[in-house]
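What the coordinates show
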Amino acid sequence: MPVPEIDPNGVPVHIGVVMDGNGRWAQKRGLPRTEGHAAGEEALFDAVEGALELGVKWLTVYAFSTENWKRPPDEVRYLMRFNESMLLRRRDELNERDVRIRFLGRRDWRVPRRLIRRMDEALSLTAGNRTMTLTIAFNYGGRAEIVDAVRSMVEAGVSPRGVSERAIREHLYHADMPDPDLVVRTSGEYRISNFLLWELAYSELVFTDVLWPDFRREHLFEAVREFQRRDRRFGGLEA
Ligand code: IPE
Ligand code: IPE
Ligand code: MG
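Let me begin by describing the structure that accompanies this report.

**What about the site of ligand 2?**
Surveying the vicinity of ligand 2 reveals the residues Val18, Met19, Asp20, Tyr62, Ala63, Phe64, Asn68, Arg71, Arg185, Arg191 and Ser193. At 3.2 Å, a side-chain N or O of Arg71 approaches an oxygen atom of ligand 2. Separating an oxygen atom of ligand 2 from a side-chain N or O atom of Arg185 is a distance of 3.3 Å. When ligand 2 is considered free in solution it has 390 Å² of accessible area, and contact with the protein chains removes 78% of it.

As structure tokens, then:
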């Protein structure tokens, strides 16, 4: 079923989402911030369904940044456990939808082993799926990714002349991931917060005031409609 007022031939191949506003959503209701994270799960899975409906091939969601370790230890702990249990709860459903789950970010000592185990299970369970790739950016920072890419180039012995945009691209966390065509950020904040810095050089950015737990597929469709009204020039002139 085509989605009203969306050109099925102009759907973004890759959409990135900065899922922001969970804490404020909870605070507005007099609830602890963690309730906002819990309520964000429904938003995420409705967005996944919406992306599948549109035929999006890559959906990348920002779940935990390299800066989010600055939060109070209780909130960090909650987020670790929450993500671990969400993977367990949702992996079969994603697998049935032919969604491939991937992760983007550093697997450093701060990420609990149990969560790493769940990540690996989700990865291997869904590795063969091809309808859509859902990449969960976890302990992810755009600057950290560039640092890691440079480190990996130095380790690979890339010579100064071998350093190029293409070489850097190939050393990012997932060399096969196309750049996002569209990045959506919720909660009325107009910033990137270290998401996909290299990759979003020419992404269209759409900001919405909706707080993440209230986000539903219709908001995603609205962002895609806005995307389709834009004129992407990539530094050239209009076609
Ligand atoms: C986004 O919601 C989720 C994470 C960053 C983990 P926030 O927790 O940032 O919610 P606000 O921005 O404080 O409302
Ligand atoms: C960005 O949101 C990170 C995630 C959504 C995971 P933040 O809430 O951490 O960003 P700032 O602090 O408002 O820039
Ligand atoms: Mg926030």
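**Structural notes on the packing of helix H2 (residues 33–54) against helix H3 (residues 73–96)**
Axis separation between H2 and H3 bottoms out at 11 Å; the angle between their running directions is 25 degrees. Overall, the two elements H2 and H3 adopt an arrangement that is roughly parallel. Classified by chirality, the crossing of H3 by H2 is right-handed. On H3, the residues that touch Arg33, Thr34, His37, Ala38, Glu41, Leu44, Phe45 and Val48 of H2 are Glu75, Tyr78, Leu79, Phe82, Met86, Arg89, Arg90, Glu93 and Leu94. Residues that form the contact of H2 with H3 fall into these classes: nine nonpolar, two polar and six charged.

**Observations regarding the side chain of Thr66**
On the secondary structure map, Thr66 appears in the loop between strand E2 (58–65) and H3. Polar contacts involving the side chain of Thr66 include one to the side chain of Glu67, which spans 3.0 Å. The contact partners of Thr66, leaving out residues within four places of it in the chain, are Asn139, Tyr140, Gly141, Ala144 and Asn194.

**Section: the environment of Gly40**
Summarising the element assignment, Gly40 is placed in helix H2. Assessed through its relative accessible area of 5%, Gly40 is described here as buried. The sequence separation of Gly40 and Leu87 amounts to 47 residues, and the corresponding C-alpha distance is 14 Å. Those residues in contact with Gly40 that lie beyond four places of it in its chain are Trp212 and Pro213.

**Thoughts on helix H5 (residues 142–155)**
A rise of 1.5 Å per residue sets the reference length of H5, with its 14 residues, at 20 Å; its end C-alpha atoms lie 20 Å apart and thus fit the reference within 8%. Of all the residues in H5, the buried ones are Gly142, Ala144, Glu145, Asp148, Ala149 and Met153. Contacts from the buried residues of H5 go to strand E3 (99–104), strand E4 (132–140) and helix H6 (165–170). Positive phi appears at Gly157, one or two residues downstream of H5, with a value of about 75 degrees.

**Overview of the site of ligand 1**
Surveying the vicinity of ligand 1 reveals 13 residues, the closest of which are Asp20, Gly23, Arg24, Arg33 and Arg71. One of the side-chain nitrogen or oxygen atoms of Arg33 is found 2.8 Å away from an oxygen atom of ligand 1. Out of a free accessible area of 370 Å², ligand 1 has 87% covered by protein chains. The set of elements that each furnish at least two residues to the shell around ligand 1 consists of helix H1 (22–28), H2 and H3. Ranked by residue count, the leading element in the shell around ligand 1 is H1, at three residues. Looking at side-chain class alone, the shell around ligand 1 contains three nonpolar, five polar and five charged residues.

**Remarks on the packing of H2 against helix H7 (residues 217–229)**
Pairs of packed helices are described in terms of their axes, by the angle between the two and the distance that separates them. Taken N-terminus to C-terminus, the directions of H2 and H7 make an angle of 45 degrees; their axes are 8 Å apart at the nearest point. One element, H2, and the other, H7, form an angle in the oblique class. Crossing handedness for the pair H2 and H7: right-handed. In this structure, H2 contributes Asp46, Ala47, Glu49, Gly50, Ala51, Glu53 and Leu54 to the contact, and H7 contributes Arg217, Leu220, Phe221 and Val224. Tallied by class, residues from the contact of H2 with H7 come to six nonpolar, one polar and four charged.

Criteria and thresholds
Residues numbered from 1 in each chain as written. Chains lettered and ligands numbered in written order. Predicted model: local features only at pLDDT ≥ 70, side-chain atom pairs only at ≥ 80, totals over all residues. Heavy atoms only, no water. Near = heavy atom within 4 Å. Polar contact = N/O pair within 3.5 Å; in protein donor to acceptor, adjacent residues only side chain to side chain. Areas by Shrake-Rupley, 256 points an atom, 1.4 Å probe, with all protein chains shown as cover. Axes fitted to C-alpha atoms, helices over the stretch in contact; angles between N-to-C directions. Helix = DSSP H or I, 4+ residues; strand = E, 2+ residues; numbered from the N terminus. Parallel < 35°, antiparallel > 145°, perpendicular 65-115°, else oblique. Left-handed = near helix turned anticlockwise from the far one by under 90°. Contact = heavy atoms within 4.5 Å. Nonpolar A, V, L, I, M, F, W, Y, C, P; charged D, E, K, R; others polar. Buried < 20%, exposed > 50% of the residue type's maximum accessible area, 1.4 Å probe, protein only. Expected span 1.5 Å × (residues − 1).

Purely spatial values, then, with no claim about function.
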